[in-house]
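These are the residues of each chain, in order.
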Amino acid sequence: MQPETAIAWHRLMQTQSYEEVIERLDRYVATSKFPPLVYDLYETPRQERNKQVLRIIDKWEVNASGGPIQS
């Protein structure tokens, strides 16, 4: 592997969980005879994993129900 390739892979994969990438690599190697591409191992974060989106939804729900219950 060329140093430039290793640098590019690191830059692209640094936001990924190491354990999850290794699991995806194991699954990939079991089904393919070709070396993986970044695309094969990179997982785009899904919206439901984004806590900011969940906070926004919580605010919508509070507003839709007339606000939190006051005791």
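Basis of the calculations
- Residue positions within a chain follow its written sequence, with the count starting from 1.
- Selection of residues for local features in this predicted model requires a pLDDT of at least 70, selection of side-chain atom pairs for listing and counting requires 80 or more, and totals for whole chains, interfaces and linings are taken over all residues.
- The side-chain numbers reported here are obtained from all heavy atoms of the structure, hydrogens and water having been left aside.
- The helix count covers DSSP runs of H or I at least four residues long, the strand count covers runs of E at least two residues long, and both are numbered beginning at the N terminus.
- Contacts between residues were defined by any pair of non-hydrogen atoms, one from each residue, lying within 4.5 Å.
- Residue exposure (1.4 Å probe, protein chains only): buried if accessible area is under 20% of the type maximum, exposed if over 50%, otherwise partly exposed.
- Whenever a nitrogen or oxygen atom comes within 3.5 Å of another N or O atom, the pair is scored as a polar contact, on the condition that within protein one atom can donate a hydrogen and the other can accept it, and that pairs from neighbouring residues in sequence are kept only if both atoms are in side chains.
- One side-chain nitrogen of Lys or Arg within 4 Å of one carboxyl oxygen of Asp or Glu is enough to make a salt bridge.

Novice: How should the side chain of arginine 24 be read in this particular structure?
Specialist: Relative to the elements of secondary structure, arginine 24 occurs in helix α2 (residues 18-31). For arginine 24, the contacting residues outside a window of four places in its chain are Gln16, Leu41, Tyr42 and Glu43.

Novice: In this structure, what is going on with the environment of alanine 8? I would like to understand it.
Specialist: Mapped onto the secondary structure, alanine 8 falls in helix α1 (residues 3-13). Taking the relative accessible area as the measure of exposure, alanine 8 reaches 27% and is therefore partly exposed. Each C-alpha atom, one on alanine 8 and one on valine 38, is 9.5 Å from the other, the two residues being 30 residues apart in sequence.

Novice: Explain the environment of arginine 24 here, please?
Specialist: Of the residues examined, arginine 24 reaches a relative accessible area of 9% and is grouped as buried. Sequence separation between arginine 24 and glutamate 43 is 19 residues; the distance between their C-alpha atoms is 9.2 Å. In this structure the side chain of arginine 24 is engaged in a polar contact, spanning 3.3 Å, whose partner is the side chain of glutamate 43.

Novice: Just to check I follow, could you spell out the side chain of glutamine 16 for this structure?
Specialist: Relative to the helices and strands, glutamine 16 is located in the loop between α1 and α2. For glutamine 16, a relative accessible area of 14% gives the class buried. From its side chain, glutamine 16 meets the backbone nitrogen of glutamate 43 in a polar contact 3.0 Å long. Setting aside residues no more than four positions away along its own chain, glutamine 16 makes contact with Val21, Arg24, Leu41, Tyr42 and Glu43.

Novice: Could you clarify how one ought to interpret the pattern of salt bridges in this entry?
Specialist: Two side chains that carry opposite charge are able to pair once their charged atoms sit near each other. Taken as a whole and judged by the stated rule, the model has 2 salt bridges. As a salt-bridge pair, arginine 24 and glutamate 20 come within 3.9 Å of each other at their nearest N and O atoms. Here arginine 24 and its partner glutamate 20 are both found in helix α2, 4 residues apart, which amounts to about one turn of the helix. Ionic pairing is found between glutamate 43 and arginine 24, a salt bridge with its closest N-O pair at 3.3 Å. Here glutamate 43, found in the loop between α3 (38-41) and α4 (51-64), pairs with arginine 24, found in helix α2; they are 19 residues apart in sequence, far enough to count as distant.

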